[in-house]
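Descriptive structure summary
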Amino acid sequence: MWCRRLACLFAVPCRLSGSTRHRSPWLPRDRRTILAAAARWHHTAPESLKCAWQLHGDHLELRYANTLMRFDFVWLRDHCRSASCYNAKTNQRSLDTASVDLGIKPKAVRVDETTLFLTWPDGHVTRYGLEWLVKNSYEGQKHQVMHPRILWNAEIYRQAQVPSVDCRSFLETDEGLKEFLQNFLLYGIAFVENVTPTKEDTEILAERVSLIRETIYGRMWYFTSDFSRGDTAYTKLALDRHTDTTYFQEPCGIQVFHCLKHEGTGGRTLLVDGFYAAEQVLRQAPDQFELLSKVPLKHEYVENVGDCHNHMIGVGPVLNVYPWNNELYLIRYNNYDRAVINTVPYDVVHRWYAAHRTLTAELRRPENELWVKLKPGKALFVDNWRVLHGREAFTGYRQLCGCYLTRDDVLNTARLLGLQA
């Protein structure tokens with residue numbers, strides 16, 4: 001859904017019979033245009049339409065696997081995978097991109113059933129597999145998602161019956177770790193059961209998937225309602241849904257929670273899939289979704305409690321999307337820490353408030369709320385770029401421990417186990 005609208009925004013005009021039209025050159029309106037267009041295409045075999053190509057002044061146009069692709073000549077030279085241009089052992093480029101003539105054009109082009117061959121003015125030959133081109137072209141990428149996900153509300157998640165992973169399997173087997181990571185990637189949350197309720201064992205658990213990200217809150221943190229930090233979280237009050245560290249330039253990627261002890265009532269944890277809510281906004285009010293993805297906001301954390309003195313500011317829109325396919329990858333939502341809005345003019349501010357109200361209404365729908373009672377031995381991993389968390393008020397002594405994880409390392413672990421991340 002997120003990628004459909006971008007196609008309209010980036011429609012590329014194609015020249016046909018001297019006119020400019022926003023349509024594909026192989027879908028002409030009459031037979032005469034069909035014959036004219038066909039005469040300009042070069043096919044891999046006389047009667048084959050599996051692969052066809054034509055040269056333009058500054059790019060190559062290639063049609064393969066039902067995809068029309070356009071490749072700039074400099075791009076085609078820069079991405080050459082020959083031994084002199086690319087180190088296959090290190091997967092790094094050897095070619096100096098700045099040395100490529102910006103006006104370069106191939107002097108010869110040939111395409112067989114599987115491969116594109118380009119001969120450059122200096123005699124160098126570049127070869128590309130057609131499947132590789134489809135996978136790596138802009139046109140191919142804008143129809144793909146970087147991170148496959150299952151969007152959920154409370155009922156969808158319950159019906160999915162996503163299993164928790166046993167701590168021993170998680171720590172000792174690749175199968176257990178892979179199952180955990182697959183759950184986490186798809187839903188943005190995952191649970192590990194039968195964890196010894198200590199900070200040390202929780203730390204071992206976290207290090208199984210990532211380096212621990214040390215922040216102003218330390219490496220591993222204990223949480224009690226002692227107001228030891230200048231944050232509402234360190235009280236017994238209810239907390240509305242939010243994402244953490246919005247006041248960091250790069251918000252923390254994953255958060256780990258483990259309840260070590262609770263002698264009292266209340267304190268359930270609230271989880272809401274922010275991407276599910278954003279999808280509803282996109283369906284109902286696409287202009288508001290776009291506004292939330294473009295207006296930059298400041299979030300701020302000011303703390304002067306005891307020995308803790310911090311003043312942090314992070315800047316970014318509420319919704320962050322990849323520009324080529326409009327895929328949402330990060331939500332920055334925290335009404336507690338949002339700073340003064342002074343980055344846009346008044347008329348945009350008013351429209352932003354309306355869009356924010358629409359998103360907030362979706363986030364606060366009761367059917368989107370998943371309530372979980374965290375107990376000793378059950379650790380929760382939360383994708384802080386996607387899933388909002390909160391809690392209900394509680395009584396008595398409640399102690400949690402946890403940490404933040406570096407997102408890159410979690411995704412690295414998943415990819416090494418063969419998962420798309």
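Residues numbered from 1 in each chain as written. Predicted model: local features only at pLDDT ≥ 70, side-chain atom pairs only at ≥ 80, totals over all residues. Heavy atoms only, no water.

The protein chain is annotated in an unreviewed UniProt entry as Trimethyllysine dioxygenase, mitochondrial of Circaetus pectoralis. According to the UniProt record, the Subunit (unreviewed entry) comment for the protein chain reads "Homodimer." We quote the UniProt Subcellular location (unreviewed entry) comment for the protein chain here in full: "Mitochondrion matrix". (UniProt positions renumbered as here; feature names shortened; annotations may be inferred.)

1. Things to note about helix α12 (residues 346–363)
Helix length check: α12 (18 residues) gives 25 Å between terminal C-alpha atoms against 26 Å at 1.5 Å per residue, within 8%. Those residues of α12 lying buried are V348, V349, W352, A355, H356, L359, T360, E362 and L363. Projected down its long axis, α12 carries its buried residues within an arc of 145°, all on one side. Opposite the packed face of α12, turned more than 90 degrees from it, sit the exposed residues Y346, H350 and R357. (Helix = DSSP H or I, 4+ residues; strand = E, 2+ residues; numbered from the N terminus. Expected span 1.5 Å × (residues − 1). Buried < 20%, exposed > 50% of the residue type's maximum accessible area, 1.4 Å probe, protein only. Arc of directions from axis to C-beta.)

2. A few points about the state of the cysteines
On inspection of all chains with the given rule, the structure shows zero disulfides. Counting only cysteine sulfurs, C85 is the nearest neighbor of C80, a cysteine outside any disulfide, at a range of 3.9 Å. Here C80 falls in the buried class, since its relative accessible area comes to 1%. Distance from the sulfur of C401, which forms no disulfide, to the nearest cysteine sulfur (C403) is 7.9 Å. Accessibility expressed as a relative area gives 0% for C401, which makes it buried. (Disulfide = S-S within 2.5 Å.)

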